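# Working through the structure, step by step
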Amino acid sequence: MPDLPKQSAVQGFYHPDHMHPADSVGYLMRKVTSSIRVQADSHLACHDLTYAQWLPLYKIGLCENATLASMARDLETDPASMTRTLDRLEAKGLVQRERSTADRRVVHLTLTDEGKVVAARVPRVLADVLNGHLMDFTRDEWQMLLNMLRRMLANGETLRQQTPPPPDAAAE
């Protein structure tokens, strides 16, 4: 595993001898994400949807040219898992797959009329669940949280760009 790049003039907030989950940004973000997912799942269960299903359904509705490969990349899952999820959504009559006539490897995804109805319910559920998790935040605190998370993502992207690929990755 490559070493992380040296960070000069950066305050170190964590030390390997004193790592505690309750103080870990990563652990807390994972717990918050899990709580959001569980709450959304419980609200969408009446539509017989799980997180693995409602998220791609919602994303397909947002994308003009959704493909199986783009969904797998966007949702950070492997194409085989995405195929299984799409099988379930197709069996429920919510999604249609159409193989590209220009490139048979490409599978385009569209929502059926029923899929559009169900996908349209997801934003309300997400808004309710997210607002519930933010119920005692001020508007300024909410904006600050968003800005901090964006900064963390930008820092992570900088680290990713500075980290050389593993030696065997070049052989692929």
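Presented here is a report on the structure given in the accompanying data block.

## Notes on the packing of aromatic side chains
Going through the model one piece at a time under the given rule, you end up with one aromatic pair. For the ring pair Tyr-51 and Trp-54, a centre distance of 5.4 Å and an interplane angle of 85° mean the geometry is edge-to-face. With Tyr-51 and Trp-54 both in helix α2 (residues 51-62), this residue pair falls three residues apart, about one helical turn. Relative accessible area serves as the criterion here: at 34%, Tyr-51 is assigned to the partly exposed category. Classification of Trp-54 by relative accessible area gives buried; the value is 3%.

## Concerning the nonpolar core
When a protein is soluble and globular, its nonpolar side chains tend to lie buried together. Ranked by size, the top nonpolar core spans 26 residues in total, and within it Trp-54, Leu-57, Ile-60, Leu-86 and Val-95 carry the most contacts. At six residues, the largest contribution of residues to this core is made by helix α5 (residues 113-133). When near neighbours in sequence (up to four residues on either side) are disregarded, Leu-57 contacts Leu-49, Leu-89, Leu-94, Val-95, Leu-111, Gly-115, Val-118 and Ala-119.

Scoring rules and cut-offs
- Residues numbered from 1 in each chain as written.
- Predicted model: local features only at pLDDT ≥ 70, side-chain atom pairs only at ≥ 80, totals over all residues.
- Heavy atoms only, no water.
- Phe/Tyr/Trp six-rings, centres within 6.5 Å; stacked < 30°, edge-to-face > 60°.
- Helix = DSSP H or I, 4+ residues; strand = E, 2+ residues; numbered from the N terminus.
- Buried < 20%, exposed > 50% of the residue type's maximum accessible area, 1.4 Å probe, protein only.
- Core = buried A, V, L, I, M, F, W, Y, C linked by side-chain atoms within 4.5 Å.
- Contact = heavy atoms within 4.5 Å.

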